[in-house]
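For reference, the chains in residue letters:
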Amino acid sequence: MQDRFDVVVVGAGAAGIAALRRLSATGLSVVALEARPRVGGRTHTILVRPDLPVDCGAGWLHSADKNLLAQPVEQAGFTIDRSPPHWSRQSFNRDFPPEDQRAFRAALNEFEDRLRAAAAAGIDRPGSDFLEPGGRWNVLIEAFSSYYNGAEFDQVSAVDFAAYEDSGVNWRVSEGYGAAIASFADIDRIVVDCPVATVRHEGRELTLDTAQGSVTARVIVVCVPTSTLADGRLTFSPSLPEKSEAAADLPLGLADKVFLGLDKPDDLPIDGHLFGHTDRTETGSYHLRPLGRPYIEAFLGGRCARELEVEGPRAMTAFVVEELGALMGSDFRRRIHPLAETSWATDPWALGSYSHALPGRAACRAILAAPVENRIFFAGEATHPHFYSTVHGAWETGVRAADEAIAALG
Ligand SMILES: Cc1cc2nc3c(=O)[nH]c(=O)nc-3n(C[C@H](O)[C@H](O)[C@H](O)COP(=O)(O)OP(=O)(O)OC[C@H]3O[C@@H](n4cnc5c(N)ncnc54)[C@H](O)[C@@H]3O)c2cc1C
C-alpha cells in the first residue's frame, strides 16, 4: 500500500463512504482504511436464501422525505418501497385490543410532551423521569425506547432525545439498504482488514499506525463508532481525552434482529406487526412478511437484547420463537425456522447499534464533531446534531467532515 496521502479516512461505514466520495472528486490523494473485511459498517445486507436479502443493520430510510440518500439510491437502480411502516399496528389485535392500543399511543404522546417541554427549558434529565408514576403503559414505553434508542429511558438524555428529527416518513430498499450503501463505496480507494490503532499528531504530518503498517497524511477524517474511541481501540498520541470522554457519553445502544423463515405464510398480513407482550419491557417487535416475503423479522433492543447476546448464539432465536409461540399458538412454532440472528454488541467493530446521549450529556455530540488542530476531522452518526443514529445522518456528517478537510488543505 502507498504510505503517503493528502487525506486518510478512517472507517468505511456510511460516513466514511460519503467522505471518501466527496474527497475523491477533488484530485487529492485519498484512501480509506477499514478494520473489517467488508465496507458498510452498521449497514449490512445478507442473503438468507439466494432470493431473500435481509438487512442485519439499518433497513429504513428514516425521514425519507428529507433523506438525502433516497434519490441517489433510486438513481443507482435500487427499488424504494414507500409503503408505510409496520410498527404502529398490532395484527389481529392479538392480546392488545384497539382500546389498549389507543391508550398506549396516548400515554406515549403525553410522555413525549412532558419530556419535550422539559428539554425546551434546558432540563437534561433521564427520559424515565417523565414517565407517569405507576403508569400502566410505562413498560411498553420502555420497550419502545429499547428499540428506538437501543436503551431504556433511564440511560437517555431528554435534551438529546428531543433534538432527534423524525419526519415520520419511512421507506425501504427492496434489495437492501446495506447493499445500496455498499454500492456507493469507491472500492479501489479502500483498504480492508486494516484497523487503525493509533493516530500520532505530534509532528508536521499525521502518522497512522495500522495493522498493515504506518501511513502518513496531511489531514484525516475519523469515521469510527463512538465505541471504538471510548474503549481505546483507536487512540491518539498525544491523547485527546475530550474525544474519548465525549464518545463514552454517547454510547451505542443495542438493537438486534432475528430472521425466521415462515411456512404457509398466506394467513399472515403483509407488513403486519406484533408486540410479543404489552406488559413487560423485555419483548420483541415482530415484523410479519416484510415486503410480502415469507419471513418474520424480530427486533429486540436494550437490556433484553444485551442479556440474550451474553447467553450466547441462538439464545435470541429461542426467545423470539418462544414468544411467538405463546402469542400465536404452539402450532405456529412448527411453521417458523431460524434463518439468521445478529449480535451487534459483540461485533468488535461496532459493540452496539446506534448512539444515544447519557442524561446530562447532550452537548457531547458537538464536542465529538469539533475538529482538532484543523487537521483531524470527525464524522459518524454520533456527531450529527439531529439525524444521529441513522444512515443518512452518518452520510451527512461524512460530507461535512470531508468539506472541512478540503477547506483545511486550501
Ligand atoms: C440493528 C440495527 C438497525 C438499524 N436500523 C436503522 C434504520 O432502520 N435506519 C437508519 O437510518 N439507521 C439504522 N441503524 C443505524 C445505522 O446503521 C448507523 O447509524 C449508521 O450505519 C452508522 O454509520 P457510521 O458510518 O457512522 O458508522 P459505522 O457504520 O459503524 O462505520 C464505521 C466503520 O469504521 C470501522 N472501524 C471501526 N474502528 C476502526 C478502526 N480502528 N480502524 C479502521 N476502521 C474502523 C468499522 O468497521 C465500520 O465499518 C441501525 C443499526 C443497527 C445495528
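Quantities reported herein were computed from a predicted structural model and do not represent experimental measurements.

Engineer: I would appreciate a short explanation of the environment of L300 in the present structure.
Structural biologist: Counting through the fold element by element, L300 comes out in strand β17 (residues 295-301). For L300, a relative accessible area of 0% corresponds to the buried category. For the pair L300 and M316, spaced 16 residues apart in the sequence, the C-alpha separation amounts to 8.5 Å. Not counting chain neighbours up to four residues away, the residues in contact with L300 comprise Y147, L254, A255, D256, T283, G284, A305, L308, M316, F319 and V320.

Engineer: Explain the site of the ligand to me, please; I cannot follow it from the model alone.
Structural biologist: Around the ligand lies a shell of 37 residues, among which E34, R42, W60, E381 and V391 are the nearest. In the complex, 99% of the free accessible area of the ligand, which totals 1,000 Å², lies under the protein chains. Of all the secondary-structure elements, those providing two or more residues to the shell around the ligand are α1 (14-24) and α13 (391-408). Class assignment for the residues of the shell around the ligand results in 20 nonpolar, 13 polar and 4 charged.

Engineer: Is there a simple way to think about the packing of helix α3 (residues 98-120) against helix α4 (residues 138-148) in this case?
Structural biologist: The angle between the axes and the distance between the axes are what describe a pair of packed helices. Running from N to C, α3 and α4 cross one another at 70°; their axes reach a closest spacing of 10 Å. Taken together, α3 and α4 sit at an angle that is classed as roughly perpendicular. Viewed along their axes, α3 and α4 form a crossing whose handedness is right-handed. Counted together, F104, A107, L108, F111 and E112 of α3 and L140, I141 and F144 of α4 form the full contact between these two elements. Considered class by class, the residues forming the contact of α3 with α4 number 7 nonpolar, no polar and 1 charged.

Engineer: Just to check I follow, could you spell out the packing of aromatic side chains for this structure?
Structural biologist: By the definition in use, this model includes 16 aromatic pairs. Directly above the ring of W171 sits R82, whose terminal nitrogen or CZ lies 4.3 Å from the centroid.

Engineer: Mind showing me how you'd approach the pattern of salt bridges here?
Structural biologist: Any two side chains of opposite charge can pair, so long as their charged atoms come close to each other. Using the criterion set out here, one finds 27 salt bridges in the structure. E165 is the partner of K66 in a salt bridge, and the nearest nitrogen-oxygen pair spans 3.0 Å. Residue K66 is found in the loop between β5 (60-61) and α2 (70-75), and its partner E165 is found in the loop between α5 (158-163) and β7 (171-173); the two are separated by 99 residues along the sequence. When its relative accessible area of 26% is taken as the criterion, E165 is described as partly exposed. We note a salt bridge from E373 to R375, for which the minimum N-O separation is 2.9 Å. Its relative accessible area of 13% is what places R375 among the buried residues. Connected via shared salt-bridge partners are D81, R172 and D271.

Engineer: I keep staring at the side chain of N149 and nothing clicks. Help me out?
Structural biologist: Of note, N149 is situated in the loop between α4 and α5. For N149, the residues in contact, after removing those within four places along its chain, are V156, F161, G253, Y354 and H356.

Engineer: Is there a simple way to think about the nonpolar core in this case?
Structural biologist: One recurring pattern in soluble globular proteins: nonpolar side chains tend to sit buried together. The biggest cluster of nonpolar side chains holds 42 residues, and the ones touching the most others in it are L23, L69 and V221. Elements with a minimum of two residues in this core: β1 (4-10), α1, β2 (30-33), α2, β7, α6 (177-183), β11 (213-222) and α13. Residue contacts for V221: discarding those within four places in its chain leaves V7, V8, V9, V10, A19, L23, F377, A379, A401 and A405. By size, the runner-up hydrophobic cluster in this structure holds 33 residues, among which are L254, V258, F319 and W344.

Engineer: Sorry if this is basic, but what is going on with empty space enclosed by the protein here?
Structural biologist: Summary: where empty space remains is shown by rolling a probe the size of a single water molecule over the atoms. All told, the structure shown has 3 cavities of 30 Å³ or more when counted by the stated rule. Contributing to the lining of the largest cavity are 17 residues, with D55, G59, R172, Y295 and E297 lying nearest its centre. Going through the elements one at a time, β4 (52-55), β7 and β17 are the ones with two or more residues in the lining of the largest cavity. Ranked by residue count, the leading element in the lining of the largest cavity is β4, at 3 residues.

Engineer: Even after reading the chapter, I still don't get the pairing of strand β10 (residues 206-210), so can you show me in this structure?
Structural biologist: Put simply, side chains in a regular strand alternate between the two faces of the sheet. The element β10 is largely enclosed, with a buried count of 4 among its 5 residues. Alignment of strand β9 (residues 196-200) against β10, held across 4 bridges, turns out to be antiparallel. Looking at β10, one finds that R200 is bridged to T207. What sits between the antiparallel neighbours β9 and β10 is a turn of 5 residues.

Engineer: What is the right way to look at the side chain of H86 in this model?
Structural biologist: Inspection of the secondary structure puts H86 in the loop between β6 (80-81) and α3. Within the structure, H86 has its side chain in polar contact with the side chain of H287 (distance 3.2 Å). For H86, the residues in contact, after removing those within four places along its chain, are W60, D271, G272, H273 and H287.

Engineer: What is the right way to read the layout of surface pockets from this model?
Structural biologist: What the second largest pocket holds in volume is close to 200 Å³. Where the lining of the second largest pocket is concerned, the elements lending two or more residues are α7 (226-230), β13 (252-253) and α9 (302-311). The dominant element in the lining of the second largest pocket, judged by the number of residues it contributes, is α9, at 3 residues. Of the residues in the lining of the second largest pocket, the class split is 4 nonpolar, 7 polar and 3 charged.

Engineer: In this structure, what is going on with the sheet that holds β6? I would like to understand it.
Structural biologist: Backbone hydrogen bonds hold the strands of a sheet together, and the pairing may be parallel or antiparallel. The sheet built from 3 strands is open, its strands ordered β5-β7-β6 with antiparallel pairing. With one partner strand each, in any of the chains shown, β5 and β6 form the two edges of the open sheet. Relative to β7, β6 runs antiparallel, the two being bridged by 2 bridges. What sits directly across from I80, in β7, is V173.

Cut-offs applied
Residues numbered from 1 in each chain as written. Predicted model: local features only at pLDDT ≥ 70, side-chain atom pairs only at ≥ 80, totals over all residues. Heavy atoms only, no water. Helix = DSSP H or I, 4+ residues; strand = E, 2+ residues; numbered from the N terminus. Buried < 20%, exposed > 50% of the residue type's maximum accessible area, 1.4 Å probe, protein only. Contact = heavy atoms within 4.5 Å. Near = heavy atom within 4 Å. Areas by Shrake-Rupley, 256 points an atom, 1.4 Å probe, with all protein chains shown as cover. Nonpolar A, V, L, I, M, F, W, Y, C, P; charged D, E, K, R; others polar. Axes fitted to C-alpha atoms, helices over the stretch in contact; angles between N-to-C directions. Parallel < 35°, antiparallel > 145°, perpendicular 65-115°, else oblique. Left-handed = near helix turned anticlockwise from the far one by under 90°. Phe/Tyr/Trp six-rings, centres within 6.5 Å; stacked < 30°, edge-to-face > 60°. Lys NZ or Arg CZ within 6 Å of the ring centre and 35° of its normal. Salt bridge = Lys/Arg side-chain N within 4 Å of Asp/Glu carboxyl O. Core = buried A, V, L, I, M, F, W, Y, C linked by side-chain atoms within 4.5 Å. 1 Å grid on protein atoms, 1.4 Å probe; cavity = no way out; pocket = protein on both sides within 12 Å on 5 of 7 lines; lining within 4 Å. Points joined across faces, edges and corners; volume = space filled by probe spheres on them. Pairing = 2+ DSSP bridges. Polar contact = N/O pair within 3.5 Å; in protein donor to acceptor, adjacent residues only side chain to side chain.

Any link to function would need more than the numbers given here.
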